[in-house]
Amino acid sequence: MRNTPHVLINTPEIEIWPGGLLRARSNDDARILARASHVLRRKRDGCYLAAQLRSGLMPLVSRLPEEPGIEPALAALHTLQSQASRIPPPAGELPLDALQQWLEHLGLDSEDYATQTGLPLIAEPAHLVLAGFDRYRRPLWLTRAAARGWQRMQQAAARQGVTLEAISGYRSHAYQTAIFERKLSRGLGLEQILTVNAAPGYSEHHGGNALDIGTPGEPPAEESFEHSAAFAWLQQHAGAFNFHLSYPRDNPHGIVYEPWHWCLRT
């Protein structure tokens, strides 16, 4: 697959988004983003860091050179700009170097957690492809195989009168860590959070092969989804598209029942 406007390039702390897909926060941002071929976006909180314009790189934050992870991101952007569509996007997975520090920051022992839950450590892919848009009109990023499977499955359901909506797809280690930090700051305990969210590094969303699915009229990521026609359709047909329900009732991982969470078998 060639570098197209629909590929997200991943680096450990910064994503390189194609222009035209990000929402502007102000009129000034709107003008800049409308002209950008690519945008550097911090994974942890979604902050826009810089925009690549015809005239050059425009910083959108102060002290851009001091931004953590900026050097590999700028190197990846340089490759995009200099080689354009002559090479495919980077393959493989990102290193896990920073993950252990984030887990220790949260007070999590990765070896104990993996032993207790049986969940594997999941690296982030070096690139993802645009698989459409979710319920909230946000770009849905998945691996190429998961994107094809999701689109085929969604279309097959539609032909039978069933509407499947994506709620969320790929999620970075940094973003998952930020979810934990926000919940801890609200007073939730770590054990309580872990029944709902997998520890950073252990969520299937990191690999770009999992997505949360909903249907019109149903709240997102609620157990009530199991009573919908969409869930009944998925139970009967998702296997034909190589998707499976990851967290059924009484699953061995200690994750609550998630009828909305489906993952591509790899």
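This is a predicted model, so every value here is computed, not measured.

*Asks:* Would you mind showing me how to read helix α3 (residues 99-106) here?
*Replies:* Because each turn of an α-helix spans 3.6 residues, side chains separated by three or four positions in sequence point in the same direction. Leu 99, Trp 102, Leu 103 and Leu 106 are the residues of α3 that are buried. Buried residues of α3 fall within an arc of 100 degrees about the axis and therefore sit on the same side. Among the exposed residues of α3, those oriented more than 90 degrees off its buried face are Gln 101, Glu 104 and His 105. Buried-residue contacts for α3 involve α4 (110-117), α6 (173-185) and α7 (190-194). Backbone geometry just downstream of α3 places Gly 107 in the positive-phi region, at approximately 80 degrees.

*Asks:* Please clarify how helix α8 (residues 229-237) should be interpreted in this entry.
*Replies:* Taken together, the buried positions of α8 are occupied by Ala 230, Phe 231, Trp 233 and Leu 234. Taken down its axis, α8 places every buried residue within 160 degrees of arc, on the same side. Seen from the open side of α8, the exposed residues pointing more than 90 degrees away from its buried face are Ala 229, Gln 235 and Gln 236. Buried residues along α8 sit against α5 (144-159), β9 (210-214) and β11 (261-264).

*Asks:* Got a minute to help me understand the sheet that holds strand β2 (residues 14-18) in this structure?
*Replies:* Either a parallel or an antiparallel arrangement is found when strands of a sheet pair, and the pairing is made through backbone hydrogen bonds. Read from one edge of the open sheet, 7 strands run β5-β4-β3-β2-β1-β6-β7, paired in antiparallel fashion. Strand pairing shows two members of the sheet lacking a second neighbour, β5 (56-59) and β7 (139-142), which therefore form its edges. Neighbour-to-neighbour, the strand axes of this sheet turn through a mean angle of 25 degrees, independent of strand direction. In the sheet, strand β6 (residues 127-133) pairs with β7 via 3 bridges, with the strands oriented antiparallel. Within β7, the residue paired with Phe 133 across the bridge is Pro 139. On top of the sheet, helix α1 (residues 27-35) reaches β3 (38-42), β4 (48-53) and β5; it is set at about 45 degrees to β4, its chief contact. Contacting β6 and β7, α5 runs over the sheet at an angle of about 15 degrees to β6.

*Asks:* Help me out: how do you make sense of the nonpolar core in this one?
*Replies:* Nonpolar side chains in soluble globular proteins tend to be buried together. Core analysis: the biggest nonpolar cluster contains 42 residues, and Trp 150, Met 153 and Leu 164 have the highest contact counts within it. In terms of residue count, the dominant contributor to this core is α5 (6 residues). With sequence-adjacent residues up to four places away left out, Met 153 is seen in contact with Leu 164, Ile 213, Trp 233, Leu 234, Ala 238, Phe 241 and Phe 243. Ranked by size, the runner-up nonpolar core spans 17 residues in total, among them Leu 99, Leu 190, Ile 193 and Tyr 247.

*Asks:* What is the right way to look at the sheet that holds strand β10 (residues 243-245) in this model?
*Replies:* Judged by pairing direction, the sheet is antiparallel, and its 4 strands sit side by side in the order β8-β9-β11-β10 without closing on themselves. Each having just a single partner strand, β8 (165-168) and β10 make up the two edges of the open sheet. Neighbouring strand axes in the sheet, compared pairwise and without regard to direction, differ in orientation by 45 degrees on average. Here β10 pairs with β11 via 3 bridges, running antiparallel.

The rules behind these values
Residues numbered from 1 in each chain as written. Predicted model: local features only at pLDDT ≥ 70, side-chain atom pairs only at ≥ 80, totals over all residues. Heavy atoms only, no water. Buried < 20%, exposed > 50% of the residue type's maximum accessible area, 1.4 Å probe, protein only. Helix = DSSP H or I, 4+ residues; strand = E, 2+ residues; numbered from the N terminus. Arc of directions from axis to C-beta. Contact = heavy atoms within 4.5 Å. Pairing = 2+ DSSP bridges. Axes fitted to C-alpha atoms, helices over the stretch in contact; angles between N-to-C directions. Core = buried A, V, L, I, M, F, W, Y, C linked by side-chain atoms within 4.5 Å.

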